[in-house]
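Listed below, chain by chain, are the residues.
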Amino acid sequence: MVIPMGSLSRMTAKVTLSFTDETIEEARRFAKREGLSLSAWMDQAAREKALREVFTAHAAAVGRANLDLESAALADAREVGMVNDLLSGGRPRAA
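Fair warning: this is a prediction, and the values are worked out from it, not measured in the lab.

Thresholds applied
Residues numbered from 1 in each chain as written. Predicted model: local features only at pLDDT ≥ 70, side-chain atom pairs only at ≥ 80, totals over all residues. Heavy atoms only, no water. Helix = DSSP H or I, 4+ residues; strand = E, 2+ residues; numbered from the N terminus. Buried < 20%, exposed > 50% of the residue type's maximum accessible area, 1.4 Å probe, protein only. Areas by Shrake-Rupley, 256 points an atom, 1.4 Å probe, with all protein chains shown as cover. Patch = residues over 30% accessible without salt bridge, like charges linked within 9 Å, V, L, I, M, F, W, Y side chains within 5 Å. Salt bridge = Lys/Arg side-chain N within 4 Å of Asp/Glu carboxyl O. Lys, Arg positive; Asp, Glu negative; His and termini not counted. Charge placed at Lys NZ, Arg CZ, Asp CG, Glu CD. Axes fitted to C-alpha atoms, helices over the stretch in contact; angles between N-to-C directions. Parallel < 35°, antiparallel > 145°, perpendicular 65-115°, else oblique. Contact = heavy atoms within 4.5 Å. Nonpolar A, V, L, I, M, F, W, Y, C, P; charged D, E, K, R; others polar. Core = buried A, V, L, I, M, F, W, Y, C linked by side-chain atoms within 4.5 Å.

Engineer: How would you sum up the overall build of the protein? Please name residues and give values.
Structural biologist: Regarding its fold elements, the protein presents 3 helices and 0 strands. The secondary structure elements of the protein, listed N-terminal to C-terminal, are α-α-α. Buried positions account for 11% of the 95 residues belonging to the protein. Taken as a whole, the protein presents about 8,300 Å² of accessible surface, with 60% of it coming from carbon and sulfur.

See the structure below:
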């Protein structure tokens, strides 16, 4: 038997929460579409939100440290391309 991620069998705490009627209606619709219980869908949504928060905080810390990793990676890729071009006798690389 396959148990979907966030299924009730993995739930360890029971809490009382309040949501707007609109939020609950939308959450029920999405949960049904994904074949999950409302609790499992809310658990998954909360987990995804928490991971986004961690990722955003990490990205901000990288930015504050002036670590422009994307630019460095693109520069490395260009350098590798130039070396490959030289090694292939100056012929352009196939895209």
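After that view of the structure, there is still more to cover.
Engineer: Tell me about a negative patch on the surface, and name the residues and values.
Structural biologist: Among the surface-exposed residues, Asp21, Glu22, Glu25 and Glu26 lie close enough to one another that they form a single negatively charged patch. Position of Asp21 relative to the elements: it lies in helix H1 (residues 21-33).

Engineer: Account for the packing of H1 against helix H2 (residues 38-64), naming residues and giving values.
Structural biologist: Helix-helix packing is characterised by the crossing angle of the two axes and by the distance between the axes. Running from N to C, H1 and H2 point in directions that differ by 100 degrees, and their axes come no closer than 9 Å. Our classification of the angle between H1 and H2 gives roughly perpendicular. For the pair H1 and H2, contact is made by Ile24, Ala27, Arg28, Phe30 and Ala31 and by Leu38, Trp41 and Met42, respectively. Tallied by class, the residues present in the contact of H1 with H2 amount to 7 nonpolar, no polar and 1 charged.

Engineer: I'd like to hear about the pattern of salt bridges, residue by residue, with values.
Structural biologist: One pass over the full model with this rule turns up 2 salt bridges. For Arg47, the salt bridge goes to Asp43, with nearest N and O atoms at 2.8 Å. Residue Arg47 and its partner Asp43 are located together in helix H2, separated by 4 residues, close to a single helical turn. Accessibility expressed as a relative area gives 35% for Arg47, which makes it partly exposed. Put simply, Glu53 and Lys49 hold a salt bridge, and the shortest N to O gap is 2.8 Å.

Engineer: Residue-level account of the nonpolar core, with values.
Structural biologist: In terms of nonpolar packing, the biggest core is built from 5 residues, these being Ala27, Ala31, Leu36, Ala40 and Trp41. Mapped by element, the contributors of at least two residues to this core are H1 and H2.

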